[in-house]
Amino acid sequence: MNRISSTDHAGSAMALSDFPFGEQLLLWGIRMWVRAYNDHANIHSILHNGFKLAGVPDALGALDAMMDIFATAGRGVMDIRCPSCTEVSLDEHRIMGAIAVIQRTNQPSDGDVYLSYWMPPAALRILQGPTSQLAAIMKKGGLTIRARPWALNLHSDHEIALSTSSENRILH
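A short tour of the structure in this document, coming up. (Residues numbered from 1 in each chain as written. Predicted model: local features only at pLDDT ≥ 70, side-chain atom pairs only at ≥ 80, totals over all residues. Heavy atoms only, no water.)

### A look at the overall build of the protein chain
Within the protein chain, the secondary structure is distributed over 8 helices and 2 strands. Each helix and strand of the protein chain, placed in order from N terminus to C terminus, yields the pattern α-α-α-α-β-α-α-α-α-β. Burial statistics for the protein chain: of 172 residues in total, 48% are counted as buried. Sequence separation of at least 24 residues holds for 76% of the intrachain contacts in the protein chain that already meet a minimum separation of 6. (Helix = DSSP H or I, 4+ residues; strand = E, 2+ residues; numbered from the N terminus. Buried < 20%, exposed > 50% of the residue type's maximum accessible area, 1.4 Å probe, protein only. Contact = heavy atoms within 4.5 Å.)

### Notes on the pattern of salt bridges
In a structure, side chains of opposite charge can pair up when their charged atoms sit close to one another. The tally for this structure, following the rule as stated, stands at 6 salt bridges. Note that glutamate 23 and arginine 146 form a salt bridge whose closest N and O atoms lie 2.7 Å from each other. Of the two residues, glutamate 23 is situated in helix 2 (residues 21–39) and arginine 146 in the loop between helix 7 (121–140) and helix 8 (157–161); the sequence distance between them amounts to 123 residues. Of the residues examined, glutamate 23 reaches a relative accessible area of 0% and is grouped as buried. Note that aspartate 91 is salt-bridged to arginine 94, the shortest N-O span being 3.4 Å. In this pair, aspartate 91 and arginine 94 both sit in helix 5 (residues 90–105), 3 residues apart, roughly one turn of the helix. Among the residues examined, aspartate 91 registers a relative accessible area of 0% and is labelled buried. For arginine 94, a relative accessible area of 0% translates into the label buried. Within the structure, one salt-bridge network assembled from shared partners comprises Glu23, Arg146 and Arg148. (Salt bridge = Lys/Arg side-chain N within 4 Å of Asp/Glu carboxyl O.)

### Some remarks on the nonpolar core
With 45 residues, the main nonpolar core has Leu26, Met66, Phe70, Ile95 and Leu134 as its most contacted residues. Elements represented by at least two residues in this core include exactly helix 2, helix 3 (44–53), helix 4 (59–73), helix 5, helix 6 (112–115) and helix 7. Tallying contributions element by element places helix 4 first for this core, with 9 residues. The residues contacting isoleucine 95, other than those within four sequence positions of it, are Ile30, Met66, Phe70, Met78, Ile80, Leu115 and Trp118. (Core = buried A, V, L, I, M, F, W, Y, C linked by side-chain atoms within 4.5 Å.)

### Focus on the packing of aromatic side chains
On inspection of all chains with the given rule, the structure shows 4 aromatic pairs. Ring geometry for tryptophan 33 versus tyrosine 37: centroids 5.2 Å apart, planes at 15 degrees, classification stacked. Here tryptophan 33 and its partner tyrosine 37 are both found in helix 2, 4 residues apart, which amounts to about one turn of the helix. Centre to centre, the rings of tyrosine 117 and tryptophan 118 are 6.4 Å apart; their planes meet at 55 degrees, and the pair counts as tilted. Looking at tryptophan 118, the relative accessible area reads 3%, which means it is buried. Among the aromatic residues, ring-to-ring pairing joins Phe70, Tyr117 and Trp118 into one connected group. Over the ring of tyrosine 117 we find arginine 94, and its NZ or CZ is 3.4 Å from the ring centre. Above the ring of phenylalanine 19, the side-chain terminus of arginine 146 is found at 5.2 Å from the ring centroid. (Phe/Tyr/Trp six-rings, centres within 6.5 Å; stacked < 30°, edge-to-face > 60°. Lys NZ or Arg CZ within 6 Å of the ring centre and 35° of its normal.)

Encoded structure:
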């Protein structure tokens, strides 16, 4: 489990089941994508059906592009939990924070501060397209993500230990 250095943020301690539906859907998509990536599996139809049933069928394309960029251009370690995990990692909160701020400001670069933990500047610019698309699709579908400014100031144990790592890995 990932320890967080500060415990005074209620959002970080919430169980996944307490999150609004849009946040649960976004995390489900991210977690399922990572599981499929790590297992070399194709679950495109499952993800597509999930987003379609939620009223945002176009979200999968943007999520897939965003996750591809994380997996290929990212640096360090990203803590993405398994789909059945009830806890939410700091890294998952940061991804949701990026989507949330873009939903509110409509400025793709506003999410960079959340995503710069794993992405070099050039990759951040490439990532702006898919993250802003995903934010807009979910917002249009009525699936808003809550702001998480507190996630910017927290550091997990794996970040501290691997802060100088150039290895690109997605955990869990």
